[in-house]
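# Survey of secondary and tertiary structure
Given next are the chains, with one letter for each unit.
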Amino acid sequence: MHGRNRLAILLVVVIVASVCAIALYFNNNADALWKIVSQQCVVGEQQKSDPSPCRLVNEADGYVVLKDRNGPLQFLLLPIAKITGVESPKLLSPATPNFLAEAWRARHFIEERLGATINDRVYALAVNAQWGRTQNQLHVHISCLRSDIRQQLDALDSTLNAHWQTHQLGEHNYFIRAITRDEFKRTSPFIRIAKELPGAYENMGRYGIAIAALKDGRRALMVVERNWLLLNGGSAEELQDHSCALLK
């Protein structure tokens, strides 16, 4: 096959994939999570002290925790305020709660549902890029790390530090750096990424973000950038395993 023909086929595949992604994005009920938060959880908590279907409404810190319908243990953390997703400028304001740190604290809901203590090395948080999601309300996936990704992070552990590196995790390349637990709590990863990765500040919607524990208690901050040529929509949720095989 001639080079031009191969290029033409590749372009067709990319265009079709892009159109399908856009159609999926707009055809799904993209405000379903927002309606649950704003019309059910918060209203129920305020009027009846009942956050259902949410597990928790934390008005002081501006978020709710909701059991996701996918996976036996997966939960979601969502802002009470209307914040569409990773592309929102609100996430780059120091006044906005550190939703990823709050999501890590909320991992105890998984333990409660399981009825057993879980090692931190099992957990993973994920936020998908703007075109790698189906909902227009920021939601942090609180779930389990894929077994193979756990092995990869363990192999990389001693080399990870405060400098960004590039490694392939699973199917795609990720920017990875380590942060201490104090750094994680003190500075929102959204702000850190916007400041530290070249070009990220103006294009935050291109990035999916995942967080997992390292051997010494530090956190691995993992960032995938959307790349349509590689059919990569920036869905960092791909690093999670909602069946939680690490528990078995």
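As shown above, the structure is provided for reference.
Now for a quick tour of the structure. The shown structure was predicted, so the numbers you read here are calculated from the model rather than taken from an experiment.

Attention shifts here to the overall build of the protein. In terms of helices and strands, the protein carries seven helices and nine strands. Taking all 248 residues of the protein together, the buried fraction comes to 48%. Partitioning the contacts of the protein with sequence separation of at least 6, the portion at a separation of at least 24 is 62%. For the protein, the accessible area works out to roughly 12000 Å², and carbon and sulfur atoms hold 53% of it.

Here we take up the side chain of D154. Along the chain, D154 turns up in helix α5 (residues 147-156). In this structure D154 touches R121 and K215, once residues within four positions along its chain are discounted.

A separate point is the environment of T166. Here T166 is to be found in strand β6 (residues 165-169). Those residues in contact with T166, other than ones at most four positions away along the chain, are N173, Y174 and F175.

The next subject is the state of the cysteines. Taken as a whole and assessed by the stated rule, the structure comprises two disulfides. Residue pairing for C41: its cysteine sulfur links by disulfide to C54, the two sulfurs lying 2.1 Å apart. When the S-S torsion is 80°, as for the bridge of C41 with C54, the disulfide is right-handed. One end of the pair, C41, is in helix α2 (residues 32-48); the other, C54, is in strand β1 (residues 54-58), and 13 residues separate them in sequence. For the pair C41 and C54, a shared accessibility class is recorded, and that class is buried. In this model, C144 is linked to C244 through a disulfide, with the two sulfur atoms separated by 2.0 Å. Its torsion about the S-S bond being 85°, the disulfide of C144 and C244 is classed as right-handed. Separated by 100 residues along the polypeptide, C144 in strand β5 (residues 140-144) and C244 in the segment after β9 (219-225) bring together distant segments of the chain.

For the rest of this paragraph, the subject is the sheet that holds strand β3 (residues 75-79). Spatially, nine strands are ordered β1-β2-β3-β5-β4-β8-β9-β7-β6 in an open sheet, and the strand pairing comes out antiparallel. The open sheet has two edge strands with one neighbour each: β1 and β6. Geometrically, the sheet is characterised by an average inter-axis angle of 25° between neighbouring strands, direction not taken into account. Judged from the seven bridges that link them, strand β8 (residues 207-213) and β9 form a sheet pairing that is antiparallel. Across the sheet, residue Y207 finds its bridge partner in β9, namely E225.

Now for helix α7 (residues 189-196). Working note: α-helix, 3.6 residues per turn, so residues spaced by three or four point in the same direction. A large share of α7 lies buried, amounting to six of its eight residues. For α7, the set of buried residues is P189, F190, I191, R192, I193 and A194. Buried-residue contacts for α7 involve α3 (99-105), β4 (123-127), β7 (172-179), α6 (181-186), β8 and β9.

Analysis parameters
- Residues numbered from 1 in each chain as written.
- Predicted model: local features only at pLDDT ≥ 70, side-chain atom pairs only at ≥ 80, totals over all residues.
- Heavy atoms only, no water.
- Helix = DSSP H or I, 4+ residues; strand = E, 2+ residues; numbered from the N terminus.
- Buried < 20%, exposed > 50% of the residue type's maximum accessible area, 1.4 Å probe, protein only.
- Contact = heavy atoms within 4.5 Å.
- Areas by Shrake-Rupley, 256 points an atom, 1.4 Å probe, with all protein chains shown as cover.
- Disulfide = S-S within 2.5 Å.
- Pairing = 2+ DSSP bridges.
- Axes fitted to C-alpha atoms, helices over the stretch in contact; angles between N-to-C directions.

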